[in-house]
Amino acid sequence: MRREIQQRCVMLGEYILRTGATVRQAARVFEMSKSSVHKDVHERLKNVHPGLYEEVEEILRYHHAVRHIRGGAATRRRWRLIREEKRKRTGVPYD
């Protein structure tokens, strides 16, 4: 594996560990695809830095475990905004 890829894996792992970021959040910060971030922290980091891999994997397992809760909260926010917009447009309460 090339040296710069190894360094990128460690940088991603340290960032996720320091901030508790999700794969998508890390991908945005590092301007990479989430597939590349996922491959770096799930596959490559294990060979490059096993200790860091274990710590990052714990954070990513947590995000995986709560993703259904975040999805429900996002849907709830979306529908609340839709109802508020309809109230503003029509003046009629919509519940």
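The notes below deal with the structure included here. Since this is a predicted model, take the numbers as computed values, not measurements. (Residues numbered from 1 in each chain as written. Predicted model: local features only at pLDDT ≥ 70, side-chain atom pairs only at ≥ 80, totals over all residues. Heavy atoms only, no water.)

The full count for this structure, using the stated rule, is one aromatic pair. Each ring, one from tyrosine 15 and one from phenylalanine 30, has its centre 5.5 Å from the other, and the planes form 80 degrees; the classification is edge-to-face. Within this pair, whereas tyrosine 15 is found in helix α1 (residues 3-19), its partner phenylalanine 30 is found in helix α2 (residues 23-30), the two being separated by 15 residues in sequence. Among the residues examined, tyrosine 15 registers a relative accessible area of 16% and is labelled buried. One residue, arginine 78, lies across the ring of tryptophan 79, its end atom 5.2 Å from the ring centre. (Phe/Tyr/Trp six-rings, centres within 6.5 Å; stacked < 30°, edge-to-face > 60°. Helix = DSSP H or I, 4+ residues; strand = E, 2+ residues; numbered from the N terminus. Buried < 20%, exposed > 50% of the residue type's maximum accessible area, 1.4 Å probe, protein only. Lys NZ or Arg CZ within 6 Å of the ring centre and 35° of its normal.)

Relative to the elements of secondary structure, histidine 49 occurs in the loop between α3 (34-48) and α4 (50-90). Accessibility expressed as a relative area gives 37% for histidine 49, which makes it partly exposed. Residues histidine 49 and serine 33, spaced 16 residues apart in sequence, show a C-alpha to C-alpha distance of 22 Å. Looking at histidine 49, its side chain comes within polar contact range of the main-chain nitrogen of leucine 52, at 3.0 Å. (Polar contact = N/O pair within 3.5 Å; in protein donor to acceptor, adjacent residues only side chain to side chain.)

A few words on the side chain of threonine 22. As for its position among the elements, threonine 22 is in the loop between α1 and α2. Residue classification places threonine 22 among the buried positions, given a relative accessible area of 17%. Contacts of threonine 22, omitting those with residues within four sequence positions, involve His63 and Arg70. (Contact = heavy atoms within 4.5 Å.)

All we've got here are geometric facts, nothing functional implied.
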